[in-house]
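The chain contents come next:
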Amino acid sequence: MAKSTSKAKPYPAAGSKAPAFSAPASDGKTVKLADLKGKVVALYFYPKDDTPGCTKEACGFRDAFDKLRTAGIEVLGVSPDSTSSHRKFIDKFALPFRLLADEDHGICEAYGVWQKKSMYGKEYLGVARTTFVIDRDGTIAVTSSDHLPCEILSLITTLQTE
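Basis of the calculations
Residues numbered from 1 in each chain as written. Predicted model: local features only at pLDDT ≥ 70, side-chain atom pairs only at ≥ 80, totals over all residues. Heavy atoms only, no water. Helix = DSSP H or I, 4+ residues; strand = E, 2+ residues; numbered from the N terminus. Buried < 20%, exposed > 50% of the residue type's maximum accessible area, 1.4 Å probe, protein only. Contact = heavy atoms within 4.5 Å. Pairing = 2+ DSSP bridges. Salt bridge = Lys/Arg side-chain N within 4 Å of Asp/Glu carboxyl O. Core = buried A, V, L, I, M, F, W, Y, C linked by side-chain atoms within 4.5 Å.

Draft legend 1. View of the side chain of Glu-74. In this structure, Glu-74 sits in strand S4 (residues 73-79). Assessed through its relative accessible area of 18%, Glu-74 is described here as buried. Residues in contact with Glu-74, not counting those within four places in the same chain, are Leu-36, Lys-39, Val-40, Val-41, Ala-42 and Arg-98.

Draft legend 2. Local environment of the pairing of strand S7 (residues 122-127). Across six bridges, strand S6 (residues 114-119) lies against S7 in antiparallel orientation. By the bridge assignment for S7, Lys-116 is matched with Leu-125. Linking S6 to S7, which pair antiparallel, is a turn of two residues; within it Tyr-120 sits at a positive phi near 55 degrees.

Draft legend 3. Representation of the pattern of salt bridges. Per the counting criterion, the structure on display carries nine salt bridges. In this structure, Glu-57 and Arg-129 form a salt bridge, with 3.0 Å as the shortest nitrogen-oxygen distance. Highlighted residues: Glu-57 in helix H1 (residues 52-70) and Arg-129 in the loop between S7 and strand S8 (130-134), separated in sequence by 72 residues. A relative accessible area of 12% places Glu-57 in the buried class. A salt bridge links Asp-66 to Arg-69; the shortest N-O distance between them is 3.0 Å. Taken together, the residues span about one helical turn, with Asp-66 and Arg-69 both in helix H1 at a distance of three residues. Each member of the pair, Asp-66 as well as Arg-69, is classed as exposed.

Draft legend 4. How the structure looks around the nonpolar core. Ranked by internal contacts, the top residues of the largest apolar core, which has 24 residues, are Tyr-44, Val-75, Leu-95, Phe-97 and Leu-99. Here the element with the most residues in this core is H1; it accounts for seven residues. Among residues more than four places away in sequence, those in contact with Phe-97 are Tyr-44, Ala-58, Phe-61, Arg-62, Phe-65, Val-75 and Ile-90. Ranked by size, the runner-up nonpolar core spans 23 residues in total, among them Phe-21, Phe-45, Val-78 and Trp-114.

Structure below.
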């Protein structure tokens, strides 16, 4: 996978092919985007397991999961945490979807979410909380950094009826 850089790559644009990936998942399997062709995927990136903002986001996807699944949407979370950390996070909050380990930041970089951030005056590289909706053909349909999981469902439903 790619090495970390200080210059953020832009997000893939809506209408462009989603960057391919292969990553270990919390269920012990490897998830490849190519294997998900024919499904709509909500691929959400978050900074760290079991932190307040990330827990709120994950639980939002958990709470909307039945509706997302009924709509035929595969939910996958991605962070730099290990699969072991992901399993603990899933168990603690009863998350019904898989989390992908991106420990070398390769997927984060490919999707443009590995970015320079700042906290208390200190700059560092980290994950920008972002959700990508990938359509059945592997094309980016929606990129969002400010929608809640229930709003993502609404956006996907609108796309499916257009």
